[in-house]
Amino acid sequence: MEVKLLDVEEFKGEQRLHADLLLFSIMLDNDAELRLIDLYKSMQRHLDTSSKARVNELLRQALHEPSRERRMDALQAIESFLSAKGVLCFLYFKRLKTLYHASVKGVALDSLDWVQFKNIWFRP
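A brief look at the structure comes next. (Residues numbered from 1 in each chain as written. Predicted model: local features only at pLDDT ≥ 70, side-chain atom pairs only at ≥ 80, totals over all residues. Heavy atoms only, no water.)

### Here's the deal with the nonpolar core
Phase 1 of the analysis: Counting residues in hydrophobic clusters, the biggest one holds 15 residues, and the most contacted among them are Y40, M43, V55, L59, L75, I78 and L82.
Phase 2 of the analysis: Where this core is concerned, the elements lending two or more residues are α2 (32-43), α3 (49-63) and α4 (68-85).
Phase 3 of the analysis: At 5 residues, α2 tops the list of elements feeding residues into this core. (Core = buried A, V, L, I, M, F, W, Y, C linked by side-chain atoms within 4.5 Å. Buried < 20%, exposed > 50% of the residue type's maximum accessible area, 1.4 Å probe, protein only. Helix = DSSP H or I, 4+ residues; strand = E, 2+ residues; numbered from the N terminus.)

Here you go:
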């Protein structure tokens, strides 16, 4: 086995198409739907013709669905389909939680639920 690390720009290019296995991370922020759509669209270059057609159909359904719940169902169907075919495996999912003392003020979270430290202050 040969492990090759790619930086972000290399990963976006053609080099990844020659790999037998890709291991990478995806951060699902407040726009989780968009992140998953991006993931499934970028994975299509690695799929066989029939799998690509199925993913395309499910993506089309998701993109034309006004209901968030039904969009997420379509995205879940893509994940289930790709997992069953053995071409996608989420290794772990971790939700971050932020707790802070009542005397801390100015706490604001960004789209990744990370604290914006520049705005924090303490009530005397």
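From this point, the discussion proceeds with the structure in view.
### Here we look at the environment of K4
Phase 1 of the analysis: Mapped onto the fold, K4 is located in the segment before α1 (8-12).
Phase 2 of the analysis: Exposure remark for K4: the relative accessible area of 52% places this residue in the exposed category.
Phase 3 of the analysis: Put simply, K4 and A19 are 15 residues apart on the chain and 9.1 Å apart in space, counted from C-alpha to C-alpha.

### Let's talk about α4
Phase 1 of the analysis: In this model α4 runs 26 Å from its N-terminal to its C-terminal C-alpha over 18 residues, within 8% of the 26 Å that 1.5 Å per residue would give.
Phase 2 of the analysis: The set of residues buried in α4 consists of A74, L75, I78 and L82. Summarising the axial view, the buried residues of α4 lie within an arc of 95°, below the 170-degree limit, and thus occupy one face. Exposed residues on α4 whose side chains face more than 90 degrees from its buried face are E69, R70 and A84.
Phase 3 of the analysis: Where the residues of α4 are buried, they touch α2 and α3.
Phase 4 of the analysis: Looking one or two residues beyond α4, the residue adopting positive phi is G86, at roughly 80°. (Expected span 1.5 Å × (residues − 1). Arc of directions from axis to C-beta. Contact = heavy atoms within 4.5 Å.)

### Remarks on the packing of α2 against α3
Phase 1 of the analysis: Direction vectors running N to C along α2 and α3 enclose 155°, while the axes themselves pass 10 Å from each other. With respect to their mutual orientation, α2 and α3 come out roughly antiparallel. In the packing of α2 onto α3, the handedness of the crossing is left-handed. Along the contact surface, α2 presents I37, Y40 and K41, while α3 presents V55, L59 and L63.
Phase 2 of the analysis: Here the residues of the contact of α2 with α3 sort into 5 nonpolar, no polar and 1 charged. (Axes fitted to C-alpha atoms, helices over the stretch in contact; angles between N-to-C directions. Parallel < 35°, antiparallel > 145°, perpendicular 65-115°, else oblique. Left-handed = near helix turned anticlockwise from the far one by under 90°. Nonpolar A, V, L, I, M, F, W, Y, C, P; charged D, E, K, R; others polar.)

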